[in-house]
Amino acid sequence: MTMSEANREMCLRLLRCETEDEVAAVLRSCGFWDRRDVWIPYGGISNNRGIVGNQQSSPVAALVEKVVNSIDAVLIAECHRRGIAPNSENTPPTMQAAVEQFFGIRDGRVQNLDASSRTRYAERIRLVACGTKDQPAYMIIDTGEGQAPDDFPNTFLSLLRENKTAIRFVQGKFNMGGTGVLQFAGTHGFQLLISKRQPDLPCSASSRSSQWGFSLIRRLDPGPSQPQTMYVYLAPGGAVPSFNSDALPILPGAYPSAYEGELRAGTCLKIWNYKFPGRLKTLATLDLRYALERHLQEPALPIRVQERRPGYRAHFYDTTMSGLCAVL
C-alpha cells in the first residue's frame, strides 16, 4: 500500500467513526495516540488553550461559527470564479451585495427566495447529524473554495492571522471563532478536517495542490515537556497528511446513510460527542434547526440540515434552515 492509499484509508476510517472512543482507537491502531512528535500546536501557539476556551459560552453559537465559515468559503469561491481577487477593492462591499451579485438573489436576502430555490442553494452547505442519539456527532460540509494540504497551517489551522480581514463581504474575520466548538467536543476535543481545493480556483504552487488533505485536532494533556493543556493537530513528519482521490464518499445518502454521496472538492468538518443540552440532542430537523435559526437570524445562504442518526422515526429527515427572518 502506498502512502497516499494509507492516508486515504485512515481519513475514511476517522470520518466513519461515530464516537470519540472509536476515534481514539483509530489513532492507537496507527501508532499516533501516544506520540507527541506527530502533533503540532494549533496556530503554532503552544499556549492556545485560553484562546480556544474564550470564544463561545454556548455550544449552539460555537457551531454557528462553523456554518458562518462555510458561507464565507462559498462566497469566496464565487468571487474567484468571476475573476475578482477577494481582498481587492472591486469586491461587493457587504455580504448581502455579494449574495445578490454572485447568486442573483434579490437584495441578497434568502427570504426573497421560494422554498424550492432555498433548498437548491442549501445543498452547498450541509449540517449533518450522525453519531448516536446520546452521543451526537456533527459534520459541516460545504462546496466552497476548499484548501490544498500545504495551506492548512495558514488557513484552517491558524490563529490570530489576518486571512480574511481585507475581504469586505465575509463575516469570519478574526481567525479564532472557529475554535469555539473544541471545548464542547467530547472529552478529547476531537475535530476532523478534510478538504480539497476547487480545481478551477487559484492555488499556491505545490506538488500537493490537487490532493485531498486531512488532519485531526485534539486536546493534549500536559506532559514532561509541556506544562499546560493545549490543542494540537495531526501532522506526521511536520506536514498535513494528503492523498490522491477524484472524490470521497462524504455526502449523506437517504436516511440513515451518512456517507454515500461523492464530494469532489470543498471541505468537511466533523466533531464528536458534542455537548448540547438534552433537548438539542433530539431530531436535528426540529429543535436544533430552531436553535440555529435564533442564533443565525439572517444567514447569507440557506443551510441544509440532515438527520442521519439511526433509530429515529420522523416525517422528514432533511430540512432547510433559512434563518428566523425568513420564518417570520
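Conventions adopted
- Residues numbered from 1 in each chain as written.
- Predicted model: local features only at pLDDT ≥ 70, side-chain atom pairs only at ≥ 80, totals over all residues.
- Heavy atoms only, no water.
- Helix = DSSP H or I, 4+ residues; strand = E, 2+ residues; numbered from the N terminus.
- Rg over C-alpha atoms; globule rule 2.2 N^0.38 Å.
- Buried < 20%, exposed > 50% of the residue type's maximum accessible area, 1.4 Å probe, protein only.
- Contact = heavy atoms within 4.5 Å.
- Areas by Shrake-Rupley, 256 points an atom, 1.4 Å probe, with all protein chains shown as cover.
- Lys, Arg positive; Asp, Glu negative; His and termini not counted.
- Charge placed at Lys NZ, Arg CZ, Asp CG, Glu CD.
- Arc of directions from axis to C-beta.
- Axes fitted to C-alpha atoms, helices over the stretch in contact; angles between N-to-C directions.
- Parallel < 35°, antiparallel > 145°, perpendicular 65-115°, else oblique.
- Left-handed = near helix turned anticlockwise from the far one by under 90°.
- Nonpolar A, V, L, I, M, F, W, Y, C, P; charged D, E, K, R; others polar.
- Patch = residues over 30% accessible without salt bridge, like charges linked within 9 Å, V, L, I, M, F, W, Y side chains within 5 Å.
- Salt bridge = Lys/Arg side-chain N within 4 Å of Asp/Glu carboxyl O.
- Polar contact = N/O pair within 3.5 Å; in protein donor to acceptor, adjacent residues only side chain to side chain.
- Pairing = 2+ DSSP bridges.

Draft legend 1. View of the overall build of the chain. When helices and strands are counted, the chain shows 8 helices and 12 strands. For a compact globule of 328 residues, the expected C-alpha radius of gyration is about 20 Å, and the chain comes in at 19 Å, within 12% of that figure. When the backbone C-alpha atoms are referred to their principal axes, the chain occupies close to 55 × 50 × 40 Å. Buried positions account for 57% of the 328 residues belonging to the chain. For the chain, the proportion of contacts with a sequence separation of at least 24, taken over those separated by at least 6, is 72%. In the structure as shown, the chain presents an accessible area of about 13700 Å², 48% of it carried by carbon and sulfur atoms. Separation between the mean location of the 37 positive side-chain charges and that of the 32 negative ones in the chain comes to 2 Å.

Draft legend 2. Local environment of helix H6 (residues 115–122). Those residues of H6 lying buried are Ser-117, Arg-118, Tyr-121 and Ala-122. One side of H6 holds all its buried residues, which, seen down the axis, span an arc of 140°. In H6, the exposed positions angled more than 90 degrees off the buried face are occupied by Ala-115, Ser-116 and Arg-120. Among the structural elements, helix H5 (95–103), strand E2 (125–131), strand E11 (303–307), strand E12 (318–321) and helix H8 (324–327) are those in contact with the buried residues of H6.

Draft legend 3. Just the packing of helix H1 (residues 3–15) against helix H2 (residues 20–29), in detail. Close contact between H1 and H2 brings their axes to 9 Å; oriented N to C, the two are set at 160°. One way to sum up the angle between H1 and H2 is to call them roughly antiparallel. Here the hand of the crossing between H1 and H2 comes out right-handed. Between H1 and H2, the residues in contact are Met-10, Arg-13 and Leu-14 and Val-23, Val-26, Leu-27 and Ser-29, respectively. The residue makeup of the contact of H1 with H2, split by class, is 5 nonpolar, 1 polar and 1 charged.

Draft legend 4. Summary view of a nonpolar patch on the surface. Among the surface-exposed residues, Leu-286, Tyr-290 and Phe-316 lie close enough to one another that they form a single nonpolar patch of about 260 Å² accessible area. Secondary-structure assignment places Leu-286 in helix H7 (residues 284–295).

Draft legend 5. Representation of the packing of helix H4 (residues 59–81) against H5 in the model. Across the interface, H4 lies against H5 with an axial gap of 10 Å and an inter-helix angle of 50°. In this view, H4 runs oblique relative to H5, as classed from their interaxial angle. Two packed elements cross with a definite hand, and for H4 against H5 that hand is left-handed. Across the interface between the two elements, Asp-72, Val-74, Leu-75, Glu-78 and Cys-79 of H4 pack against Met-95, Val-99, Phe-102 and Phe-103 of H5. A per-class count over the contact of H4 with H5 returns 7 nonpolar, no polar and 2 charged.

Draft legend 6. Molecular detail of the side chain of Gln-147. Here Gln-147 is to be found in the loop between strand E3 (136–142) and strand E4 (191–196). What makes Gln-147 buried here is its relative accessible area of 10%. Within the local environment of Gln-147, its side chain forms a polar contact with the side chain of Glu-145, the two groups lying 3.5 Å apart. Not counting chain neighbours up to four residues away, the residues in contact with Gln-147 comprise Phe-152, Thr-155, Phe-156, Ser-195, Lys-196 and Arg-197.

Draft legend 7. Focus on the pairing of E2. Burial analysis of E2 places 7 of its 7 residues in the buried class, which makes it a mostly covered element. Neither face of E2 is left uncovered, since the one carrying Ile-125, Leu-127, Ala-129 and Gly-131 and the one carrying Arg-126, Val-128 and Cys-130 both have all their residues buried. The pairing of E2 with E3 spans 7 bridges and is antiparallel. Its bridge partner being in E3, Arg-126 is matched across the sheet by Ile-141. Of the strand pairs in this sheet, E2 and E11 are connected by 4 bridges, and their pairing is parallel. In the sheet register, Val-128 faces E11, and the bridge partner there is Gln-306.

Draft legend 8. Structural detail: the environment of Ala-185. Note on placement: Ala-185 falls in the loop between E3 and E4. Along the primary structure Ala-185 and Ala-137 are separated by 48 residues, whereas in three dimensions their C-alpha atoms are 8.7 Å apart. Once residues lying within four places of it in the same chain are set aside, the contact partners of Ala-185 are Glu-20, Phe-190, Ile-271, Trp-272, Asn-273 and Tyr-274.

Draft legend 9. Up close: the pattern of salt bridges. Under the counting rule described, the total for this entry stands at 16 salt bridges. Among the salt bridges present, the one from Arg-82 reaches Glu-78, with a minimum N-O distance of 3.0 Å. Residue class for Glu-78 comes out buried when judged on its relative accessible area of 9%. Among the ionic pairs, Glu-123 bridges to Arg-304, the shortest N-O distance being 3.9 Å. Linking Glu-123 in the loop between H6 and E2 with Arg-304 in strand E11, this pair joins segments that are 181 residues apart in sequence. Look at Glu-123 and you get partly exposed, because its relative accessible area is 31%. Accessibility expressed as a relative area gives 14% for Arg-304, which makes it buried. One salt-bridge network, held together by shared partners, links Glu-78, Arg-81, Arg-82, Arg-124 and Asp-200.

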